[in-house]
Structures are given as C-alpha cells and as structure tokens.
Amino acid sequence: MRRALPETVAASLDDDEFINILDMIFDWEEENGLDDIDPDDDDIDNDRTALVAALSAHVAKMLTRDKGASFPVEYVTAVIEAELDYEDEIAAL
C-alpha cells in the first residue's frame, strides 16, 4: 500500500494509518457479504470499477469522520487499488 503513494506521503504516515484503512476495507467487505471468496457469484466484487468506487467512497467517508486519522483522502483510491491487487495475487496462489 505504501508503494502506491508518493514517497513523501508514504513516509509521513505510520503503519497505524494503513491498518486503519485495512480495517475499513475489511469491515465494508464483511458488511456487504464480500468476505468470502466465491468466484461464481455476481456481486460487486466481480466489477472492479464499481468495487473500487464503492470502497473509495466508504473509506473516504470514514476518514473524514475519524478525527484521529491523518491519511490524505486524495490517496484513498490508490491504496484501495493496491490492496485489491494484493488480494488478487494471494487468490491466484
């Protein structure tokens, strides 16, 4: 996820910021029934563009509510893409 950000931005964030983003992603996936791998379904997780848009909107909203968060909202989509790429890599193993 860090590599998806400009170096100066990534260096300014501690690991807790990234863990916070991951928690938001996993919570959203669980709330929307996407926490199980099911390649035969027709859920939003099969439409990468829609999934990224929905996750980005959710995480951005949660970050604006989290007074302790310092993660720049403009980079949310980049880290979500990085996390989804990572999940795809793991699923392909």
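If you're wondering where the values come from, they're calculated on a predicted model, not measured in any experiment.

Trainee: So what about a negative patch on the surface? Which residues, and what values?
Mentor: Negative charge collects at one region of the surface, where D23, D27, E30, E31 and D35 lie side by side. Structurally, the position occupied by E31 is in helix α2 (residues 15-31).

Trainee: Lay out the packing of aromatic side chains in plain terms, naming residues and giving numbers.
Mentor: Here the structure, examined in full by the defined rule, presents one aromatic pair. Between F18 and F71, the aromatic rings sit 5.9 Å apart at their centres with planes inclined by 85 degrees, giving edge-to-face as the arrangement. Highlighted residues: F18 in helix α2 and F71 in the loop between α3 (48-65) and α4 (76-92), separated in sequence by 53 residues. Comparing F18 with F71 shows no difference in burial state: the two are buried.

Trainee: Any chance you could break down the environment of A69 for me, citing the residues and the numbers?
Mentor: Here A69 shows up in the loop between α3 and α4. Residues A69 and D16, spaced 53 residues apart in sequence, show a C-alpha to C-alpha distance of 9.2 Å. Among residues more than four places away in sequence, those in contact with A69 are E17, N20 and L63.

Trainee: Which residues make up α3, and what are the values?
Mentor: When the terminal C-alpha atoms of α3 are compared, their 26 Å separation across 18 residues agrees well with the 26 Å that a helix rising 1.5 Å per residue should span. Those residues of α3 lying buried are L51, V52, L55, S56, H58, V59, A60 and L63. Residues of α3 that are buried make contact with α2 and α4.

Trainee: Account for the packing of α3 against α4, naming residues and giving values.
Mentor: Each pair of packed helices gets described by two things: the angle between the helix axes and the distance between those axes. Following both chains from N to C, one finds α3 and α4 inclined at 130 degrees, their axes separated by 9 Å at the closest point. In terms of orientation, α3 lies oblique with respect to α4. In this structure, the crossing between α3 and α4 has a hand that is right-handed. Residues R48, L51, V52, L55, S56, V59, A60 and L63 of α3 lie in contact with α4, whose contacting residues are V76, T77, I80, E81, L84, D85 and D88. Partitioned by chemical class, the residues of the contact of α3 with α4 number nine nonpolar, two polar and four charged.

Trainee: Please set out the pattern of salt bridges residue by residue, giving values where relevant.
Mentor: One pass over the full model with this rule turns up four salt bridges. Residue R48 is joined to E81 by a salt bridge in which the shortest nitrogen-to-oxygen separation is 3.0 Å. Taken together, the positions of R48 in helix α3 and E81 in helix α4 put the pair 33 residues apart, joining distant regions of the chain. A relative accessible area of 29% means that E81 is categorised as partly exposed. Between D88 and R48 there is a salt bridge, and its shortest N-O distance comes to 2.9 Å. Of this pair, D88 sits in helix α4 while R48 sits in helix α3, and the two are 40 residues apart along the sequence.

How each quantity is defined
- Residues numbered from 1 in each chain as written.
- Predicted model: local features only at pLDDT ≥ 70, side-chain atom pairs only at ≥ 80, totals over all residues.
- Heavy atoms only, no water.
- Patch = residues over 30% accessible without salt bridge, like charges linked within 9 Å, V, L, I, M, F, W, Y side chains within 5 Å.
- Areas by Shrake-Rupley, 256 points an atom, 1.4 Å probe, with all protein chains shown as cover.
- Salt bridge = Lys/Arg side-chain N within 4 Å of Asp/Glu carboxyl O.
- Lys, Arg positive; Asp, Glu negative; His and termini not counted.
- Charge placed at Lys NZ, Arg CZ, Asp CG, Glu CD.
- Helix = DSSP H or I, 4+ residues; strand = E, 2+ residues; numbered from the N terminus.
- Phe/Tyr/Trp six-rings, centres within 6.5 Å; stacked < 30°, edge-to-face > 60°.
- Buried < 20%, exposed > 50% of the residue type's maximum accessible area, 1.4 Å probe, protein only.
- Contact = heavy atoms within 4.5 Å.
- Expected span 1.5 Å × (residues − 1).
- Axes fitted to C-alpha atoms, helices over the stretch in contact; angles between N-to-C directions.
- Parallel < 35°, antiparallel > 145°, perpendicular 65-115°, else oblique.
- Left-handed = near helix turned anticlockwise from the far one by under 90°.
- Nonpolar A, V, L, I, M, F, W, Y, C, P; charged D, E, K, R; others polar.

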